[in-house]
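Okay, here's what each chain looks like letter by letter:
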Amino acid sequence: MDPITVLSTRLGEHLRRFNAQVTTAESCTGGGIAEAITRVPGSSAWFEAGYVTYSNAQKTRQLGVPESLFAQVGAVSQEVVEAMARGAQTASGARFAVAVSGVAGPDGGSPAKPVGTVWLAWADGIHVCSERRHFDGDREAVRRQTVIAALDGLLQLGAE
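As annotated in an unreviewed UniProt entry, the chain is Nicotinamide-nucleotide amidohydrolase family protein from Pseudomonas maumuensis.

This is the structure we're talking about:
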């Protein structure tokens, strides 16, 4: 079985035990995390909503990310993904959330944020934790590795 499907199945099992739901706030993965979660039969019991907020305007409009953050730290930043995670929780009412924003490539990188740079944030209803990762490979590889890291982080967050 595909590693993403394995992680999604495990996540569903844990969320079902907690009687909890999860939401996603995605930029660089374009809905890939939500797709991974909902490929599992029965996922309507634990998946509340997915937000694909590719533009900064939608991060603000749908998730309440302060517009000023984009000028201060950029969309690919700890502050933005943490705000995305909190915003997705607020908008959806889900207990758990994951948010991602990154530079999947092949363009868009900079010396400070090269292609493959991704910020991820996870929220459990009370706490938010985040980390910066760098993934190698082409656009598809970066996005796939981001989905895996996002799902794995949800499992580590307390869903186990």
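1. Considering the overall build of the chain
Helix and strand counts for the chain stand at six helices and five strands. The globule rule puts the C-alpha radius of gyration for 160 residues at 15 Å, and the 14 Å found for the chain is close to it. Over its C-alpha atoms, taken along the principal directions, the chain stretches across nearly 45 × 35 × 20 Å. Residue pairs at least 24 apart in sequence account for 62% of intrachain contacts in the chain once pairs closer than 6 positions are excluded. Of the roughly 7,200 Å² of accessible surface on the chain, a fraction of 50% belongs to carbon and sulfur atoms. Averaging the coordinates of the 14 positive side-chain charges in the chain and doing the same for the 16 negative ones gives two points 2 Å apart.

2. A few points about the UniProt feature "domain: CinA C-terminal" (unreviewed entry) in the chain
The residues that UniProt annotates with the feature "domain: CinA C-terminal" (unreviewed entry) are residues 7–156. The span residues 7–156 carries 45% helix and 21% strand; its end-to-end C-alpha distance comes to 11 Å.

3. Re helix 1 (residues 3–18)
Each α-helix winds once per 3.6 residues, and so residues spaced three or four apart point in a common direction. Over its 16 residues, helix 1 runs 23 Å from end to end, which matches the ideal 22 Å to within 8%, given 1.5 Å per residue. Every buried residue of helix 1 is listed here: I4, T5, L7, S8, L11, G12, H14 and L15. The opening residue of helix 1, the one whose side-chain oxygen lies 3.1 Å from the backbone nitrogen of I4, is D2.

4. Thoughts on the side chain of E82
Within the secondary structure, E82 is located in helix 5 (residues 78–92). Separated by 2.6 Å, the side chains of E82 and S130 make a polar contact. Once residues within four sequence positions are removed from consideration, E82 is found in contact with A121, V128, C129 and S130.

5. Digging into the nonpolar core
Core analysis: the largest hydrophobic core is formed by 30 residues, its most contacted members being I33, I37, L151 and L154. Of all elements in the fold, only helix 1, helix 2 (32–38), strand 3 (96–102), strand 4 (117–123) and helix 6 (139–159) reach the threshold of two or more residues within this core. When residues in this core are grouped by element, the largest group, eight residues, is from helix 6. Setting aside residues up to four positions removed in sequence, I37 forms contacts with S8, L11, V22, T24, S43, W46, F47 and L151.

Conventions and cut-offs
- Residues numbered from 1 in each chain as written.
- Predicted model: local features only at pLDDT ≥ 70, side-chain atom pairs only at ≥ 80, totals over all residues.
- Heavy atoms only, no water.
- Helix = DSSP H or I, 4+ residues; strand = E, 2+ residues; numbered from the N terminus.
- Rg over C-alpha atoms; globule rule 2.2 N^0.38 Å.
- Contact = heavy atoms within 4.5 Å.
- Areas by Shrake-Rupley, 256 points an atom, 1.4 Å probe, with all protein chains shown as cover.
- Lys, Arg positive; Asp, Glu negative; His and termini not counted.
- Charge placed at Lys NZ, Arg CZ, Asp CG, Glu CD.
- UniProt positions renumbered as here; feature names shortened; annotations may be inferred.
- Expected span 1.5 Å × (residues − 1).
- Buried < 20%, exposed > 50% of the residue type's maximum accessible area, 1.4 Å probe, protein only.
- Polar contact = N/O pair within 3.5 Å; in protein donor to acceptor, adjacent residues only side chain to side chain.
- Core = buried A, V, L, I, M, F, W, Y, C linked by side-chain atoms within 4.5 Å.

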